[in-house]
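Take a look at the letters that make up each chain.
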Amino acid sequence: MAQDNLSVVLHAKGDLRLESRPVPEPGPNEVLLQMHSVGICGSDVHYWQHGRIGAFVLTKPMVLGHEAAGRVVKVGSGVKHLKVGDRVAIEPGVPREMDEFFKTGRYNLSPTIFFCATPPDDGNLCRYYTHSASFCYKLPDNVTFEEGALIEPLSVGIHACQRAGVTLGSTVFVCGAGPIGLVCLLVAKAMGASQVVISDLSEERLSMAKELGADFLLTVKSGDGPQELAKSVADMLGTRPHVTIECTGVESCIQTAIYTTRSGGVVVLVGLGSEMATVPLINAAVREVDIRGVFRYCNTWPMAIAMLASGKVNVKPLVTHRFPLEQAVQAFETTRQGLGIKVMLKCDKDDQNP
């Protein structure tokens, strides 16, 4: 095994470095992975640009990356379900203790959870990485490493649609056509949504949404008011949507989401903005519009793998840029500029294929 463990390390706000670290040894219940494909997330870029997200503050150097897939190169003594050579997708959130959230199946809410590339926990944008074997999922032969890496953002869409109660015949409005808005669109359609409207400022992103199956596209102009946007959505659908999935975190978009949703419907907040937001809460209350939060995901990897393997969901078009690991800084700059949709880093020198 090559002993070069090139890693993408954030030292401080704006200080992103490529450095070689020792190849780690897996613990008894861990596997050592040779990383293959790792996507860059908006949160990775945010840590790079700002050094923090909310209460999560970078205080020491941290390896970035949490949308990842790789190959098992060593297994811990207690690992039974994986062997050397297995291709796996990594679920980046691993509970550290069996608290009430773990016991009720909502381990994503555990306050002590380990999560890749969330301070102080290292991520997996490197050549070699150890992870809990229970949170590594074997990929079927017809699912590529890149699709495996895209299970992480896809999982946000699955969890959001489950929290929203999207089902056969639902009408859905998705605010924002970035990577997360697009996976919400894909999952909503796969779960039976009859019509999906998606909005964005960017025509390029909306054309990708059209390609991925959106029924209606709403181009937002900077001066548009929340109530007029709500009317536009209702006009397109012929009725207000059952569900709105808000993926921007922008205050005016949250307002739009509430005004747009039909009485008795559900608004799910996926995008993260500032801590405080002024929203028409009483409008939601008197119309029994439920407002639900989303924090990452839980129990989504098996469903995501099944969706990809069966062809019910196609995430391949989301990858618009690829860079070898050595060009990580250029890859991060590409993401920061908002070029394309998903930027993928290729960590295996000998296999740069999808």
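Residues numbered from 1 in each chain as written. Predicted model: local features only at pLDDT ≥ 70, side-chain atom pairs only at ≥ 80, totals over all residues. Heavy atoms only, no water.

Per an unreviewed UniProt entry, the recorded name for the protein is Sorbitol dehydrogenase, and the organism is Amphilophus citrinellus. You can read under Cofactor (unreviewed entry) in the UniProt record for the protein the words "Zn(2+)". The heading Sequence similarities (unreviewed entry) in the UniProt record of the protein holds the text "Belongs to the zinc-containing alcohol dehydrogenase family." (UniProt positions renumbered as here; feature names shortened; annotations may be inferred.)

1. A word on the pattern of salt bridges
Oppositely charged side chains may form a pair once their charged atoms are brought near each other. Applying the stated criterion to the full structure yields 18 salt bridges. With a closest N to O distance of 2.8 Å, arginine 96 and aspartate 121 form a salt bridge. Of this pair, arginine 96 sits in the loop between β9 (93-94) and α2 (100-103) while aspartate 121 sits in the loop between β10 (114-115) and β11 (128-132), and the two are 25 residues apart along the sequence. By relative accessible area, which is 8% here, aspartate 121 ends up buried. Taken together, the shared-partner salt bridges connect Asp4, Arg127, Glu326 and Lys349 into one network. (Salt bridge = Lys/Arg side-chain N within 4 Å of Asp/Glu carboxyl O. Helix = DSSP H or I, 4+ residues; strand = E, 2+ residues; numbered from the N terminus. Buried < 20%, exposed > 50% of the residue type's maximum accessible area, 1.4 Å probe, protein only.)

2. A few points about the pairing of strand β20 (residues 342-346)
With respect to burial, β20 is a largely interior element, five of its five residues being buried. Along β20, one buried face is formed by Lys342, Met344 and Lys346 and the opposite face, lined by Val343 and Leu345, is buried too. Both strand β3 (residues 30-39) and β20 contribute to a ladder of three bridges, which runs antiparallel. Each bridged residue has a counterpart across the sheet, and for serine 37 the counterpart in β20 is lysine 346. Sheet analysis places strand β19 (residues 319-324) next to β20, joined by five bridges and oriented parallel. (Pairing = 2+ DSSP bridges.)

3. Notes on the sheet that holds strand β2 (residues 15-21)
Reading across from one edge, β2-β1-β6 is the order of the three strands in this open sheet, with antiparallel pairing throughout. Both outer strands of the open sheet, β2 and β6 (62-63), are each paired with one neighbouring strand and no more. Where strand β1 (residues 5-12) lies against β2, seven bridges are found, and the strand directions are antiparallel. Bridge assignment links valine 9 to a residue of β2, and that residue is arginine 17.

4. Considering the layout of surface pockets
It is the rolling of a water-molecule-sized probe over the atoms that shows where space remains empty. In this structure, the second largest pocket spans a volume of roughly 260 Å³. Along the wall of the second largest pocket there are 19 residues; nearest its centre are Pro24, Asp122, Gly123, Tyr129 and Thr130. Of all elements in the fold, only β1 and β11 reach the threshold of two or more residues within the lining of the second largest pocket. Broken down by element, the lining of the second largest pocket gets its largest block of residues, five residues, from β11. The class makeup of the residues in the lining of the second largest pocket is nine nonpolar, six polar and four charged. (1 Å grid on protein atoms, 1.4 Å probe; cavity = no way out; pocket = protein on both sides within 12 Å on 5 of 7 lines; lining within 4 Å. Points joined across faces, edges and corners; volume = space filled by probe spheres on them. Nonpolar A, V, L, I, M, F, W, Y, C, P; charged D, E, K, R; others polar.)

5. Details of the side chain of threonine 261
Secondary-structure assignment places threonine 261 in the loop between α8 (251-260) and β17 (266-269). Within the structure, threonine 261 has its side chain in polar contact with the side chain of threonine 244 (distance 2.8 Å). When near neighbours in sequence (up to four residues on either side) are disregarded, threonine 261 contacts Arg240, Pro241, His242, Thr244, Val266, Val267, Arg287 and Val289. (Polar contact = N/O pair within 3.5 Å; in protein donor to acceptor, adjacent residues only side chain to side chain. Contact = heavy atoms within 4.5 Å.)

6. Section: the domain arrangement of the protein
It is common to give the size of an interface as the accessible area that goes away when the parts come together. What the domain assignment reports for the protein is domain 1 (5-138 + 315-346) and domain 2 (157-293). Between domain 1 and domain 2 lies a buried interface of about 780 Å² when both sides are counted; carbon and sulfur atoms form 69% of it. Per-residue buried area on domain 1 facing domain 2 is highest for Pro317, Leu318 and Ile341; these three make up 58% of the total on that side. Inspection of the domain 1/domain 2 interface yields zero salt bridges. At the junction of domain 1 with domain 2, the criterion picks out zero residue pairs in polar contact (both at pLDDT 80 or more). (Domains from an automatic or database assignment. Buried area = accessible area lost by both parts, 1.4 Å probe.)

7. What about the packing of helix α1 (residues 42-50) against helix α11 (residues 328-336)?
The contact between α1 and α11 brings their axes to 10 Å, and the two run at 100°. Taken as axis vectors, α1 and α11 run roughly perpendicular relative to one another. Between α1 and α11, the residues in contact are Asp44, Val45, Trp48 and Gln49 and Phe332, Glu333, Thr335 and Arg336, respectively. Across the contact of α1 with α11, the residue classes break down as three nonpolar, two polar and three charged. (Axes fitted to C-alpha atoms, helices over the stretch in contact; angles between N-to-C directions. Parallel < 35°, antiparallel > 145°, perpendicular 65-115°, else oblique.)

8. Notes on a nonpolar patch on the surface
Together, Leu281, Ile282, Val286 and Ile291 line one region of the surface with nonpolar side chains, adding up to about 410 Å² of accessible area. Among the elements that line the nonpolar patch, the one with the most residues is helix α9 (residues 281-286), at three residues. Secondary-structure assignment places leucine 281 in helix α9. (Patch = residues over 30% accessible without salt bridge, like charges linked within 9 Å, V, L, I, M, F, W, Y side chains within 5 Å. Areas by Shrake-Rupley, 256 points an atom, 1.4 Å probe, with all protein chains shown as cover.)

9. A word on the pairing of β17
Here strand β16 (residues 243-246) pairs with β17 via four bridges, running parallel. The partner of isoleucine 245 across the bridge, within β17, is valine 268. A crossover links β16 with its parallel partner β17, the connecting element being α8, and its sense is right-handed. Both β17 and strand β18 (residues 290-293) contribute to a ladder of four bridges, which runs parallel. Each residue of the ladder has a partner; that of valine 268, found in β18, is arginine 292. (Right-handed = clockwise from strand over helix to strand, strands pointing away.)

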